[in-house]
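An overview of the molecular structure
Single-letter residue listing:
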Amino acid sequence: MRTRRLFLGMLAGNVAGGLACLLACGLGVLAKDSVWIVLYPSLIAVPFAIGLAAVWVWRPLELSIGAVLLHSLSCTLLGLGAGFLVFREGAVCLLMAAPILYLGTIAGALAGRVWFRKTSDRLNLCLAPLFAFAVAAEPALRGPHTGVVTDEIRIAAPPAKVWPHVLAFPEIRDTPDYWLFQIGLPYPIETTNGGNFVGADRVCRFSGGAVFKEKVAELVPEKLLTFDIVEMPPDPELMGHLEAHRGQFELRDNGDGTTTLIGRTWYSLHVRPAAYFDWWTHDVFSAVHRRVMKHLQRLAESEG
Amino acid sequence: MFRFVVRRLRWLARIPLAPQIFDALLLAWTAAFHRETLRAIESLEAAALRLPGVSPARHRFGGFGFLHEGREFAHLHGNGLLDLKLTRERAAEIVAAGRAQPHHVFGPSAWISFQLRTPHDGAPALALLKIAIETGSRLNI
């Protein structure tokens, strides 16, 4: 009976979270022009609602704090499993979201544990639909978060030697050293270009068959290459969460036969809390930059 | 980290759900790395809620609040730090006797702090809770 109630609580919590997400999508479609990618509700408010709903079902069990922590973990794992199997979310993406989902679920469950035990339960329950509406409506009221990731590397070769490799580079054969690449996040392999002029097409190939189609937007030989990312692969790790708009390589002549190569990526983030996922985004894009820029460094320096 | 956040990043408490998430983080950390402290928190919570007139509440900065006749007289953070409200004089006496520390943010004031580490800390913490209830009741009369 206890196990059944625990499972029902986890199920109820995740159904509540799923409904909040669906409601958010529906409201978003009504509020904007069907821009699905900006309709993810905050990944703090949703798990908070999951924790609240779960603990409402668990209420008769009078769980201790430790038990709430443990069952909130099971509840989170169930939600992540459903996200992977039903909503086809990427495994790496879910791994990144797991800590914040778990903390949100604990926070909701602990708040509910107190609220649903108090004698003034009725007032709190009256607030539940308001909270559900706030969770669902929040994404329709905000825009995407944008940012730029910048990294630089010093190459022991003049810009003239670095520049041709910036335009296009052959396959990177090194095994990735970044842990998320090692567990399945696509990593850059090769870039080809269709010409060295503004408007030329570029193709950046990632592992797992992912392809980014790009178009040259700005080209100053031996100094600057900017390209717009016109098509991203339909990868579940990226779809709807993160959008890379533009990339850039800047070469600075240090005057001593060396070059400082600066890599930049502009992006929009559609998941919240932005501060949390921004940290992940910077970490991932920096790893992409480092892999490419170290490859360019090897190629340029090996020419002597 | 706890001290830095409560002293320097206090403004974060104005963001909806941020204090609750922070306390959940503390509690998860305690559960993972300080199991004895978690046991102490659990047993103190159970013992406190058995005291006459005591009911639970959510503390506005995250953590478990304890109410006596509708008034918060103590709260327990996820890292096992118990804060209690007395009078300035009573708080000074208890700190001087080495039974608790001055409040972790306010310093010498009507509030005191007591760090739970093991279940053995439960008895002195419960004694402090009783003093806080008694002090609060006396003030209300």
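This text goes with the structure placed above it.
For the structure given in this document, a descriptive report is provided here. If you're wondering where the values come from, they're calculated on a predicted model, not measured in any experiment.

When helices and strands are counted, chain B shows 5 helices and 6 strands. Taken from the N to the C terminus, the helices and strands of chain B come in the order α-α-α-β-β-β-β-α-β-β-α. Its C-alpha atoms give chain B a radius of gyration of 14 Å, within 12% of the compact-globule value 14 Å for 141 residues. Overall, chain B is about 40 × 30 × 30 Å in size when its C-alpha atoms are taken along their principal axes. The proportion of buried residues among the 141 residues of chain B is 38%. For chain B, the share of sequence-separated contacts (at least 6 apart) that also reach a separation of at least 24 residues comes to 55%.

All names here are of chain A. Taken in spatial order, the 7 strands line up as β1-β7-β6-β5-β4-β3-β2 in an open sheet, and their pairing is antiparallel. Both edges of this open sheet fall to β1 (145-155) and β2 (188-193), since each of them pairs with a single strand only. For this sheet, the mean angle separating the axes of adjacent strands, direction not counted, is 25 degrees. Where strand β3 (residues 201-206) and strand β4 (residues 211-220) come together, 5 bridges link them in antiparallel fashion. Directly across from arginine 205, in β4, lies its bridge partner valine 211.

We now examine the nonpolar core. Among the nonpolar cores identified, the biggest contains 98 residues, and Ala49(A), Ile106(A), Ala107(A), Val162(A) and Leu84(B) are the most heavily contacted of them. Top element by residues in this core is helix α4 (residues 91-115) of chain A. It accounts for 13 residues.

Our focus in this paragraph is the sheet that holds strand β1 (residues 54-58) of chain B. Residues and elements named next belong to chain B. If you walk across this open sheet you meet the 6 strands as β1-β2-β3-β4-β6-β5, and the pairing is antiparallel. Two strands bound the open sheet, and with one partner strand each, they are β1 and β5 (101-103). Strand-to-strand twist across the sheet, computed as the mean angle between neighbouring axes with direction ignored, equals 35 degrees. Across 5 bridges, the pairing between β1 and strand β2 (residues 64-68) is antiparallel. In the strand pairing of β2, proline 56 is matched with phenylalanine 66. Strands in contact with helix α4 (residues 88-96) are β5 and β6 (107-115); relative to β6, the strand with the most contacts, it is inclined by about 45 degrees.

Moving on, we get to the interface of chain B and chain A. Reports often express the size of an interface as the amount of accessible area lost when the parts come together. If you look at the interface, chain B gives 16 residues, while chain A gives 16 residues. Breaking the side of chain B that touches chain A down by element, the ones donating at least two residues are α2 (18-33), α3 (35-50) and β1 of chain B. For the side of chain B that touches chain A, the leading source of residues is α2(B), giving 7 residues. Within the side of chain B that touches chain A, the residues separate by chemical class into 11 nonpolar, 2 polar and 3 charged.

Bringing the packing of helix α3 (residues 65-85) of chain A against α4(A) into the picture now. Residue and element names in this part refer to chain A. Remark: α3 packs on α4, axes separated minimally by 8 Å, with the N-to-C direction vectors making an angle of 140 degrees. With respect to their mutual orientation, α3 and α4 come out oblique. The chirality of how α3 crosses α4 is right-handed. Taken together, the residues of α4 that come into contact with α3 (itself represented by Val68, Leu69, Ser72, Leu73, Cys75, Thr76, Gly79, Leu80, Gly83 and Phe84) are Ala91, Leu94, Ala98, Leu101, Tyr102, Thr105, Ile106, Ala109, Leu110 and Arg113.

Definitions and cut-offs
- Residues numbered from 1 in each chain as written.
- Chains lettered and ligands numbered in written order.
- Predicted model: local features only at pLDDT ≥ 70, side-chain atom pairs only at ≥ 80, totals over all residues.
- Helix = DSSP H or I, 4+ residues; strand = E, 2+ residues; numbered from the N terminus.
- Rg over C-alpha atoms; globule rule 2.2 N^0.38 Å.
- Buried ≥ 20, exposed ≤ 12 C-beta atoms within 10 Å, placed from the backbone.
- Contact = placed C-beta atoms within 7 Å.
- Pairing = 2+ DSSP bridges.
- Axes fitted to C-alpha atoms, helices over the stretch in contact; angles between N-to-C directions.
- Core = buried A, V, L, I, M, F, W, Y, C linked by C-beta atoms within 7 Å.
- Nonpolar A, V, L, I, M, F, W, Y, C, P; charged D, E, K, R; others polar.
- Parallel < 35°, antiparallel > 145°, perpendicular 65-115°, else oblique.
- Left-handed = near helix turned anticlockwise from the far one by under 90°.

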